[in-house]
Amino acid sequence: MNLNRPAIFRLFLVTVCCLLLLSQGSKAQQKEISLAGDWKFTTDPTGKGLTEKWFTQSFPEQVKLPGSMAENLKGNDITLKTEWTASIYDSSWFYNPRMARYREPGNIKVPFWLTPAKHYVGPAWYQKEVTIPASWKDKRIVLELERAHIATHLWIDEQEIGKANSLVAPHLYDLTGKLAPGKHTITLRVDNTITEDVNVGTNSHSISDHTQGNWNGVVGNLMLKAGSKVYFDDIQVFPNLKTKTASVKLTLQNTTDKPVTGKVSLGAKSFNSDKTHAAQAKPVNVKLNPGETVLDINLPLGENMQTWDEFNPALYKLTAKLDAKGNQDDEQGVQFGMREISVEGTRIMVNGKPVFLRGDLNNSEFPLTGYPPTDEASWERIYKIAKAHGLNHIRFHSWCPPEAAFIAADKIGIYLQPEGPTWPNHSTSLGSGKAIDTYIYEETNRMAKHYGNYASFTMLAAGNEPRGGNQAKYLAEFVKYWQKKDNRRIYTGASVAMSWPLVPENEFMVKSGPRGLNWPNARPENEGDYRTKIEGFTVPYVTHEMGQWVAFPNFEEIKKYTGVYRAKNFELFQEDLADRGMGDQARDFLTASGKLQALSYKFEIEQSLRTPGLAGFQLLGLQDFPGQGTALVGVLDAFWESKGYISPEEFRRFCNTTVPLTRMAKFVYKNNEVLTANVELYHFGESDLTNAILNWELKDDKNNVVASGSLPAKAFPRGANTEAGKLEIPLTKITKASKLNLFIKLAETNFVNDWNVWVYPAEELPVVKSDVYYTKVLDKKAEEVLNRGGSVFLDAAGSVVKGKEVMMYFTPAFWNTSWFKMRPPHTTGSLIKADHPAFEYFPTESFTDLQWWEVVNRAQVMHLEDFPKDFRPIVQPIDTWFMNRKLGLIYEASVGKGKLLVSSADLTSDLDNRPAARQLRYSLLSYMASDKFQPKDKLDMELVRDVFQTPSREVWDSFTKDSPDELKPNQGQQPVVK
């Protein structure tokens, strides 16, 4: 053993030396230093830190970055005096006695939006020590702060470096010459105060407490980067599909004081497609004088060029290299796709082919963190869920997402419309000479520089629904500016509702005209479309914020809020519902209202797909919007997770690249009629269809085929909605009240769609023989019948007093009744006891499907505010969750010695033309004549009578005169027409 010691020792020394050399080599190659981790911290609520030179001091607290103050539990507790960054139109919570307990310290629960762990608006100071390696000597050093919110101010070792202000792009600080090798102190002041310089509008989703919140911190990459003093400052790639080339604009900076010579080379390689493709440009010799040099180099892609779109999102990685003398080399990589977007008439074209935008709004709803993710995986998840629901487009309402969102959209194949980070309507205006006029140009230029190469970045708007008498002129100049500067996307001035002025310069229009359902005024049909709403427009028309149909809150969602935000609004609604004795019905309310919500989305989306020349729609939304009074408009919750009443596969039936459609005059028939349906195929798939066949079946509720067939084979071109044929199905074989389903499938594909129809007997219904006393008023005879043990059917349509203020349409409430000041309708559907024997002759599910339109639309509801808490009507309208009133449409009870059934729905008038109402009336009377009519609940006569004599004690009061823009007659958008 002793003989081998020298050899072992020598081997040990060699190993140590090698490791040291490797370590030194690693340090020599180090180009980045992460600043993630612990930072010293303090708040500066009075703003005295600057005058007191806090940048010379050490701070007492500690936080972790990346992150927000709220994530680090820094800031103020929520109180009645919290100064929110958002509009509150319904201030009733501050005054309503019923809400008093939610205004108590320690139990603050606001209904307007989610509640953050802490809230803080003002300057905050962050500090960290960093050691600069020797290898960074004479290097260009840059500090990157991704997603700093909002304004930053930087010092190095007590030396002021500068300020930055952006809501869309990283804050970058050039620290060349400021960080010699060794230890240094970085002091950062972050201020999320809304000042004139950054007043983008208090409801803008870039800053508003309605969604992501007005947080303070830095939540993305925090790092120092070292590189050459001669470098690529910007690389922009402009695809040309006709010439199969990419024009690459390179901006180089020489920050030395001498000219530098060298060679620039470009290469590109595909990286996410089945076939690998590479391209090279000829190297270019360059002489770079101090300052800026711009080069334009053509990169030929050739015949094997791969293009990017929603179906085949092929991408390239461009590598630009600078080989320069004096050890001033640089290398940068850029992701891009060979994609062109243009406009032909009223169509949006991608790579020369028409597309239809099936879009959704993203309003920066991220309830775990309160800010958008900066990692690709989080965004890929969102886009995959969107695509699973048949969507191909996302609009970012008044904000711009981080770079990771573009990278992920490129890979998944989603068309994006980010916007300037502004809703310049509440606290500011556009085109009025304010700082925001310049700020929007600065921000959108930053967006183009940082994200302009991403193929998914296809559209741009200045923002959402501006205020200002000169806005049209301002937006026209904005569109012209960008048309001239960058042809890689198409432009519109702003995304707006109908009362905003037109901007003729827009390349495409995002406006709210072609949306909504006419169900409050006419029976459901799907013959129509929105063509009259877009007549006269010569540019592509994309529907603004379509949908906004609500469902009742999902209280099971509350447990998901484990991060920065808590669903105190949901807790308030849940507790209030329980106080009224309906807490156990919450899940049923969600399902019943959700089914109606999904039905509403189906019919509105299909009406859009049927509309010739429409360029697309943007839903509001696929997912819930947790602010603006709590707008539960999604079939998904704010976590992008299902609420359980419609699956992606079911949603995709009516929202997809290819969708079978029908045009039908009605969905309720008599059995002496013929079901007539004109069939069409909406097809915006990858390519034309040839010799395609549509198969159809009509089935009953037991899945038995009533009729079936196929339409003649036909060609269906991409980019159109094409007639496929006509169905005429006699219904004489249907001899009893039945629910049927018309199912249409594109043969040899997964593209299917279906519609429920109801068929009722046409002949006179049998007379129900019974001793039931039928009456329109609770008269003396009715009381006598009940007192002697008889049965009474009280048909109280039009007689309701307690509850007449509650407006019920067939459609659910729009957005939410708080934000829109209790604009009708006030209900979100109805919960039906579908298995109740009263419906033996009236097939129904637990929600109001289309056959219920004749019964519930504009029907009076009864406010059962004094009924026992455990009382459950047979048909129970679901009230807005801001009131949670116990409502009834049809109920039964034991009164005195007798039995009573009450309906406030019209089951009497024009029954020959209302077969569903006639059938329901028959089913109810048949039930009352049977032994099954045994009401379990007992009520006093006075309680029943009170509904028809005494107004509601509890009525809505907003305690404020303000209202949202959509309810205001003129916001400076355009002159009032007299």
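For clarity, every value in this text was computed on a predicted model and none was experimentally measured. (Residues numbered from 1 in each chain as written. Predicted model: local features only at pLDDT ≥ 70, side-chain atom pairs only at ≥ 80, totals over all residues. Heavy atoms only, no water.)

This brings us to the overall build of the protein chain. Assigned secondary structure in the protein chain consists of 13 helices and 53 strands. For 978 residues, the compact-globule estimate of 2.2 N^0.38 gives 30 Å, and the C-alpha radius of gyration of the protein chain, at 33 Å, lies within 12% of that figure. For the protein chain, the spread of C-alpha atoms along the three principal axes comes to 110 × 90 × 70 Å. Considering the protein chain as a whole, with its 978 residues, one finds that 59% of them fall into the buried category. Surface accessibility of the protein chain: about 38,700 Å² in total, with carbon and sulfur atoms responsible for 50%. For the protein chain, the distance from the average position of its 114 positive side-chain charges to the average position of its 115 negative side-chain charges is 3 Å. (Helix = DSSP H or I, 4+ residues; strand = E, 2+ residues; numbered from the N terminus. Rg over C-alpha atoms; globule rule 2.2 N^0.38 Å. Buried < 20%, exposed > 50% of the residue type's maximum accessible area, 1.4 Å probe, protein only. Areas by Shrake-Rupley, 256 points an atom, 1.4 Å probe, with all protein chains shown as cover. Lys, Arg positive; Asp, Glu negative; His and termini not counted. Charge placed at Lys NZ, Arg CZ, Asp CG, Glu CD.)

Another point: empty space enclosed by the protein. Applying the stated criterion across every chain, the model contains ten cavities of 30 Å³ or more. Approximately 140 Å³ is the volume attributed to the largest cavity. Forming the boundary of the largest cavity are 18 residues, of which Ala70, Pro116, Lys118, Asn214 and Trp215 lie nearest the centre. Grouping the constituent residues of the lining of the largest cavity by class yields seven nonpolar, eight polar and three charged. Composition of the lining of the largest cavity by domain shows at least three residues from each of domain 1 (32-226) and domain 3 (355-645). Residue lining of the second largest cavity: Arg147, Ala148, His149, Ser166, Leu167, Ser206, Gln212, Trp215, Pro372, Trp399 and Cys400, and that is the complete set. In terms of residue class, the lining of the second largest cavity is built from six nonpolar, four polar and one charged. Shared between two domains, the lining of the second largest cavity takes at least three residues from each, and those domains are domain 1 (32-226) and domain 3 (355-645). (1 Å grid on protein atoms, 1.4 Å probe; cavity = no way out; pocket = protein on both sides within 12 Å on 5 of 7 lines; lining within 4 Å. Points joined across faces, edges and corners; volume = space filled by probe spheres on them. Nonpolar A, V, L, I, M, F, W, Y, C, P; charged D, E, K, R; others polar. Domains from an automatic or database assignment.)

In terms of burial, strand 26 (residues 357-362) is largely enclosed, as six of its six residues are buried. Here strand 26 shows a buried face lined by Leu357, Gly359 and Leu361 and a second buried face lined by Arg358, Asp360 and Asn362. In this sheet, strand 27 (residues 393-396) lies alongside strand 26 in parallel orientation, the contact comprising four bridges. Opposite Asn362, over in strand 27, you have Phe396 as the bridge partner. Handedness of the crossover joining strand 26 and strand 27 through helix 2 (residues 376-388): right-handed. (Pairing = 2+ DSSP bridges. Right-handed = clockwise from strand over helix to strand, strands pointing away.)

Another point: helix 7 (residues 568-579). Between its first and last C-alpha, helix 7 extends 16 Å over twelve residues, near the 16 Å set by a 1.5 Å rise per residue. Among the residues of helix 7, Asn569, Phe570, Glu571, Leu572, Phe573, Asp576 and Leu577 are the ones counted as buried. Those residues of helix 7 hidden inside the fold are in contact with helix 8 (586-609). A positive backbone phi angle near 80 degrees is found at Gly581, which sits one or two residues after helix 7. (Expected span 1.5 Å × (residues − 1). Contact = heavy atoms within 4.5 Å.)

In a regular helix each residue adds 1.5 Å, so 13 residues correspond to 18 Å; helix 2 covers 18 Å between its end C-alpha atoms and thus fits that length. Taken together, the buried residues of helix 2 touch strand 26, strand 27, helix 3 (403-412) and strand 28 (415-417). Once helix 2 finishes, Gly390 follows within two positions and takes phi at roughly 85 degrees, a positive value.

Our next topic: the nonpolar core. With 186 residues, the main nonpolar core has Trp379, Tyr383, Leu675, Leu742 and Trp852 as its most contacted residues. Excluding residues that lie within four positions of it along the chain, Leu675 makes contacts with Met664, Tyr669, Leu698, Leu727, Glu728, Ile729, Leu731, Leu742 and Val757. (Core = buried A, V, L, I, M, F, W, Y, C linked by side-chain atoms within 4.5 Å.)

So, on to the pairing of strand 34 (residues 616-620). For strand 34, a buried count of five out of five residues is recorded, marking the element as mostly surrounded by other parts of the structure. On strand 34, burial covers both faces: Gly616, Gln618 and Leu620 on one face and Phe617 and Leu619 on the other are all buried. Of the strand pairs in this sheet, strand 26 and strand 34 are connected by four bridges, and their pairing is parallel. Along strand 34, the bridge assignment pairs Gly359 with Gln618.

Before going further, it helps to spend a moment on the environment of Ala905. Among the structural elements, Ala905 can be located in the loop between strand 52 (898-903) and helix 12 (915-928). You can call Ala905 buried: its relative accessible area is 0%. Between the C-alpha atoms of Ala905 and Arg140, which are 765 residues apart in sequence, the distance is 77 Å. Excluding residues that lie within four positions of it along the chain, Ala905 makes contacts with Asp795, Ala797, Val855, Ala859 and Leu889.

Considered domain by domain, the protein chain is made up of domain 1 (32-226), domain 2 (230-339), domain 3 (355-645), domain 4 (658-760) and domain 5 (773-947). The C-alpha centroid of domain 3 is placed 27 Å from the C-alpha centroid of domain 1. Contacts between domain 1 and domain 3 engage 48 residues on the former and 52 residues on the latter. With both chains or domains summed, domain 1 and domain 3 bury close to 4,100 Å², and 55% of this area falls on carbon and sulfur atoms. For the domain 1 face of the interface with domain 3, the top three residues by lost area are Leu114, Val168 and His205, together amounting to 18%. Counting the contacts that link domain 1 with domain 3 gives four salt bridges. Along the contact surface separating domain 1 from domain 3 lie 39 residue pairs in polar contact (both at pLDDT 80 or more). Of all elements in the fold, only strand 4 (67-68) and strand 5 (115-116) reach the threshold of two or more residues within the side of domain 1 that touches domain 3. Taken together, the residues of the side of domain 1 that touches domain 3 break down into 22 nonpolar, 18 polar and eight charged. (Buried area = accessible area lost by both parts, 1.4 Å probe. Salt bridge = Lys/Arg side-chain N within 4 Å of Asp/Glu carboxyl O. Polar contact = N/O pair within 3.5 Å; in protein donor to acceptor, adjacent residues only side chain to side chain.)

Contact geometry for helix 2 and helix 3: axes closest at 8 Å, N-to-C directions at 45 degrees. Viewed along their axes, helix 2 and helix 3 adopt a mutual orientation that is oblique. Taken as a pair, helix 2 and helix 3 cross one another with a handedness that is right-handed. Contacts between helix 2 and helix 3 involve Glu376, Trp379, Glu380, Tyr383, Lys384 and Lys387 from the first element and Ala404, Ala405, Ile407, Ala408, Ala409, Lys411 and Ile412 from the second. Grouping the amino acids of the contact of helix 2 with helix 3 by side-chain chemistry returns eight nonpolar, no polar and five charged. (Axes fitted to C-alpha atoms, helices over the stretch in contact; angles between N-to-C directions. Parallel < 35°, antiparallel > 145°, perpendicular 65-115°, else oblique. Left-handed = near helix turned anticlockwise from the far one by under 90°.)

In space, the three strands of this open sheet follow the order 35-37-42, with antiparallel pairing throughout. Looking at strand neighbours, the two that pair on one side only are strand 35 (658-663) and strand 42 (720-730), the edges of this open sheet. Taken pair by pair, the neighbouring strands of this sheet meet at an average axis angle of 25 degrees, ignoring direction. Two strands pair when backbone bridges link them, and strand 37 (residues 674-683) and strand 42 are joined in this way by ten bridges, in the antiparallel orientation.

Once that is clear, we can look at the side chain of Asn816. When you line up the elements, Asn816 lands in the loop between strand 46 (791-795) and strand 47 (827-832). If sequence neighbours within four positions are ignored, Asn816 has contacts with Val550, Gln628, Gly629, Thr630, Ala631, Trp881 and Phe882.

Glancing now at the sheet that holds strand 10 (residues 159-165). Reading across from one edge, 3-2-6-12-9-10 is the order of the six strands in this open sheet, with antiparallel pairing throughout. The sheet terminates laterally at strand 3 (61-65) and strand 10, the two strands that pair on one side only. Going from strand to strand, the sheet's axes swing by 30 degrees on average, the running direction of each strand aside.

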